[in-house]
Number of protein chains: 2
Amino acid sequence: MIGRLMAMTAHSGKGSELAAVLLRVAERLHGFPGCEIYLISQDAADPDTVHVTEVWQDESSAQAALAASSSADGPNPADVLALLSSPPHRTDLTVLGGVGLPTADGQP
Amino acid sequence: MIGRLMAMTAHSGKGSELAAVLLRVAERLHGFPGCEIYLISQDAADPDTVHVTEVWQDESSAQAALAASSSADGPNPADVLALLSSPPHRTDLTVLGGVGLPTADGQP
């Protein structure tokens, strides 16, 4: 599995608006094939910064979700970027395991 | 719910050893009350850096897990710290929602 940590800082005072848009993105990803975790959190020390933790079965499922979001109704990547005061900071991950992932038999 | 992003950098070449210790910590947290996510990932750009994404029902469940780990068999916080080349970097989170969290009815 692969993952990403995205840190996004909104224009001053717009953190809650950014979080709301990202929660709508997450809502659409419930049940999307290969999307295991798409967690939206606000930085406790800086409410204008929102962190997204993503886990995907593989890179192709992540790419498929991105392609779907660009063509579907609802917020798309450009809507998110318009709220940011600086480019998002992205950390790519190799996911090794832990609590909160589906088990090998497909049950969470 | 609250969360934390922990970024830990091991001494050079020790990233896999650090990840293995953290996976043992995670193994013990399966089923721990209030532990929703405890995800272990290796940084794709720097294999000596391991990222832990934690989600807890509340601060007290996180504290209870820490207290339990310090007294139980298996790796404890001091074992983890001994592998690091620098102090861990911690980001505290207010978890808002998304994919991979339990739903309100208690089902994942």
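Residues numbered from 1 in each chain as written. Chains lettered and ligands numbered in written order. Predicted model: local features only at pLDDT ≥ 70, side-chain atom pairs only at ≥ 80, totals over all residues.

J.: Sorry, what's going on with the overall build of chain A here?
T.: If you tally the helices and strands in chain A, you get three helices and four strands. When the elements of chain A are put in sequence order from the N terminus, they spell out β-α-β-β-α-α-β. Taken over C-alpha atoms, the radius of gyration comes to 14 Å for chain A, in line with the 13 Å a tight globule of 108 residues would show. Considered along the principal axes of its C-alpha atoms, chain A spans approximately 45 × 30 × 20 Å. Scored against the burial criterion, the 108 residues of chain A give a buried share of 36%. Relative to all contacts within chain A whose residues are 6 or more apart in sequence, the contacts with residues 24 or more apart total 70%. (Helix = DSSP H or I, 4+ residues; strand = E, 2+ residues; numbered from the N terminus. Rg over C-alpha atoms; globule rule 2.2 N^0.38 Å. Buried ≥ 20, exposed ≤ 12 C-beta atoms within 10 Å, placed from the backbone. Contact = placed C-beta atoms within 7 Å.)

J.: Honestly, the pairing of strand β4 (residues 89-99) of chain B in this entry has me stumped. Any pointers?
T.: The side chains of a regular strand alternate, first on one face of the sheet and then on the other. With six bridges joining them, strand β2 (residues 35-43) of chain A and β4(B) adopt antiparallel strand pairing. If you follow A:Gln42 over to β4(B), its bridge partner there is B:Thr94. Pairing between strand β1 (residues 2-9) of chain B and β4(B): six bridges, direction antiparallel. In the sheet register, B:Ala7 faces β4(B), and the bridge partner there is B:His89. (Pairing = 2+ DSSP bridges.)

J.: What should I look at first to understand the sheet that holds strand β3 (residues 49-56) of chain B in this one?
T.: Pairing between the strands of a sheet is mediated by backbone hydrogen bonds and can be parallel or antiparallel. The antiparallel closed barrel is built from eight strands, whose spatial order is β1(A)-β3(A)-β2(A)-β4(B)-β1(B)-β3(B)-β2(B)-β4(A). The average angle at which neighbouring strand axes cross in this sheet is 30 degrees, direction not considered. Pairing of β1(B) with β3(B), which is carried by eight bridges, proceeds in the antiparallel orientation. Among the inter-strand pairings, B:Ala7 is bridged to a residue of β3(B), identified as B:His51. (Axes fitted to C-alpha atoms, helices over the stretch in contact; angles between N-to-C directions.)

J.: Explain the interface of chain B and chain A here, please?
T.: Much of the literature gives interface size as the accessible area that the parts lose upon coming together. Counting residues at the interface gives 32 residues for chain B, matched by 32 residues for chain A. Residue assignment for the side of chain B that touches chain A shows that the elements contributing at least two residues are β1, α1 (15-29), β2 (35-43), β3 and β4 of chain B. Here the residues of the side of chain B that touches chain A sort into 18 nonpolar, eleven polar and three charged. (Nonpolar A, V, L, I, M, F, W, Y, C, P; charged D, E, K, R; others polar.)

J.: Mind showing me how you'd approach the relation of the copies chain B and chain A here?
T.: The two chain copies are connected by a rotation around an axis plus a translation along it. Taken as rigid bodies, chain B and chain A are interconverted by a rotation of 180 degrees and an axial shift of 0.0 Å, the fit giving an RMSD of 0.0 Å. The symmetry that links the two subunits is that of a two-fold axis. Of the interface residues in chain B, 100% have counterparts in chain A that sit at the interface too, so the contact is made through matching surfaces. (Least-squares fit on C-alpha atoms with pLDDT ≥ 70 in both.)

J.: Quick question: what am I supposed to make of the environment of B:Val95 here?
T.: Structurally, B:Val95 is set in strand β4. Residues B:Val95 and B:Ile37, 58 residues apart in the sequence, show an inter-C-alpha distance of 11 Å. Those residues in contact with B:Val95, other than ones at most four positions away along the chain, are A:Leu39, A:Ser41, B:Met1, B:Ile2, B:Gly3 and B:Val55.

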